[in-house]
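Spelled out, the chains give:
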Amino acid sequence: MDYERAKSLLRQAGQSHLLDYYGELDEKQRNILLKDIEKTDFTVLENIGLKRATSVGELSPVQAETSENISANREKYEKAGLEVLKAGKVGAVLLAGGQGTRLGFDKPKGMYDIGVTRHLYIFQLLMESVKNAACLSGVNFPLFIMTGEKNDAQTRTFFKENGFFGYPEDRVYFFVQDTEPACSYDGKIFLDEKYRLSLSPNGNGGWYESLVGSGASAVLEREGIEWLNVFGVDNVLQRICDPVFIGATCLSGCESGAKVVKKTCAEEKVGVLCKVDGKPSIIEYYDMPHKDAALCGADGGLVYRYGVILNYLFKVEKLNGTLGKKLPYHLAEKAIPHIENGVRVLPTQPNGYKFEKLVVDMISLTGDCLAFEVERNREFAPVKNKTGVDSVETARALLNENGVQL
Ligand code: UTP
């Protein structure tokens, strides 16, 4: 894209300020800026004007595969899951493109050392779980790792330096997630540098599009992968490619599965798996009307009791069907560094929006979903914050409780 074209495009989009410093830039910087402008989809800004839905639709609870049921059928499920794994029909996807701002760690979150008397990196813990499933099934299934532009190089280097934590290097496929521009509250895109737009990862919901866009999805076709187990980087207790979960989902006839835990209280900040207008969906805690979140059933428990823990199983065929469909954007209010009057400022308070697609929104697009209840203290130890709720402290305590030497 040349300067004149960029100028006219930005005028139409109401973003002419992005060229304010063009005259000060050298040739290389000008090219970077013009490239950023070219790859930006300005229509994402229209989401600011869209009124937040006042009603989420008609809610009803889901029937879950309860932990009691799972215990009673464990052998059957495990056998079925192992068959699917052994047949090479499952791959895993680690979503590691987030910025982990709440943890306040300046490297990719997976590089965080949660050990006390020894090094124990989050990536290392996750890879132990991957290796465990590979060992049980006798198959080194492909592991796709989604990174963000800002943490991609560090993540790859870390895996290399650590010998891929004992997993075959040629079974690990990195891909970088897409970005969206960040803007002020009045919809003006920020400049991160005089020659760079402020671009941030577009949320964890864009993972399949990014996987396909990167070309890494060729592995799926080549190897006949039918299911993808998608999980986040935060949960240091999670079971990856858990045969019991895979078996239960396959036998249920559902097109996706979600590991869930019983919420500790109505206010717990987790997305809830339920039905919206009869279709399985996940409602984020901030979108759930309080009266519904707090509603109790005849057994005295919450009606909407199942919180998701970012561990899903998706049918690849169904994921392919989502490609043309647009996931909604969620507006996240964040403190966004930017250039102001020629100087880079680092705000401490939110000053604008980032646009994110969420993996939770994929559930309603991928058919029926099995809610698979797991024991919270055995499988859910999220590392979101440094201290307090869902923190390094709480995760360490849970790892300890599960016999992991720290
Ligand atoms: P979070 O919602 O906790 O976001 O991500 P975050 O960016 O990591 O952390 P905060 O909110 O800034 O503290 C949940 C999971 O989704 C991944 C994260 O890496 C984590 O595994 N994620 C999030 C992405 O892969 N890409 C994104 O754009 C956002």
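Our subject in this report is the structure included herewith. (Residues numbered from 1 in each chain as written. Predicted model: local features only at pLDDT ≥ 70, side-chain atom pairs only at ≥ 80, totals over all residues. Heavy atoms only, no water.)

On to empty space enclosed by the protein, then. By the definition in use, this model includes one cavity of 30 Å³ or more. Roughly 80 Å³ of internal volume is contained in the largest cavity. Looking at side-chain class alone, the lining of the largest cavity contains five nonpolar, three polar and two charged residues. (1 Å grid on protein atoms, 1.4 Å probe; cavity = no way out; pocket = protein on both sides within 12 Å on 5 of 7 lines; lining within 4 Å. Points joined across faces, edges and corners; volume = space filled by probe spheres on them. Nonpolar A, V, L, I, M, F, W, Y, C, P; charged D, E, K, R; others polar.)

Below, the discussion takes up helix H1 (residues 3-13). In an α-helix, one full turn covers 3.6 residues, which means residues spaced three or four apart are oriented alike. Residues of H1 that are buried include every one of Ala6, Leu9 and Leu10, and no others. Relative to the axis of H1, the buried residues are bounded by an arc of 95 degrees and lie together on one face. In H1, the exposed residues that point more than 90 degrees away from the buried face are Glu4, Arg11 and Gln12. In this structure, the buried side of H1 is in contact with helix H2 (27-39). Glycine 14, located one to two residues past H1, shows a positive phi value of around 70 degrees. (Buried < 20%, exposed > 50% of the residue type's maximum accessible area, 1.4 Å probe, protein only. Helix = DSSP H or I, 4+ residues; strand = E, 2+ residues; numbered from the N terminus. Arc of directions from axis to C-beta. Contact = heavy atoms within 4.5 Å.)

Close to the ligand lie 19 residues; Leu95, Thr101, Gln177, Val233 and Lys384 are nearest. Between an oxygen atom of the ligand and a main-chain N or O atom of glycine 98, the distance comes to 3.0 Å. Taking valine 233, its main chain carries an N or O atom lying 2.8 Å from an oxygen atom of the ligand. In isolation the ligand has 550 Å² of accessible area, and contact with the protein removes 88% of it. Residues of the shell around the ligand, tallied by class, amount to six nonpolar, nine polar and four charged. (Near = heavy atom within 4 Å. Polar contact = N/O pair within 3.5 Å; in protein donor to acceptor, adjacent residues only side chain to side chain. Areas by Shrake-Rupley, 256 points an atom, 1.4 Å probe, with all protein chains shown as cover.)

Looking now at the packing of helix H4 (residues 67-86) against helix H9 (residues 243-252). Between H4 and H9, the shortest axis-to-axis distance is 6 Å and the interhelical angle comes to 90 degrees. By the angle between their axes, H4 is roughly perpendicular relative to H9. For the pair H4 and H9, contact is made by Ile70, Arg74, Lys76, Tyr77, Glu78, Ala80, Gly81, Leu82, Val84 and Leu85 and by Pro243, Val244, Ile246, Gly247, Ala248, Cys250 and Leu251, respectively. In terms of residue class, the contact of H4 with H9 is made up of 12 nonpolar, two polar and three charged. (Axes fitted to C-alpha atoms, helices over the stretch in contact; angles between N-to-C directions. Parallel < 35°, antiparallel > 145°, perpendicular 65-115°, else oblique.)

Across all of its chains, the model carries 19 aromatic pairs by this definition. Ring geometry for phenylalanine 158 and phenylalanine 165: centres 5.9 Å apart, planes at 55 degrees, overall tilted. Take phenylalanine 165: its relative accessible area is 10%, and that puts it in the buried class. Aromatic side chains tyrosine 185 and tyrosine 353 sit 5.1 Å apart centroid to centroid with 80 degrees between the ring planes, which places their arrangement in the edge-to-face category. Separated by 168 residues along the polypeptide, tyrosine 185 in the loop between strand E7 (183-184) and strand E8 (191-193) and tyrosine 353 in strand E19 (residues 352-356) bring together distant segments of the chain. What makes tyrosine 185 partly exposed here is its relative accessible area of 36%. Tyrosine 353 sits in the buried class, given a relative accessible area of 15%. Here a set of aromatic residues connected by ring pairs shows up, and it is made of Tyr121, Phe123, Phe158, Phe159, Phe164, Phe165 and Phe174. (Phe/Tyr/Trp six-rings, centres within 6.5 Å; stacked < 30°, edge-to-face > 60°.)

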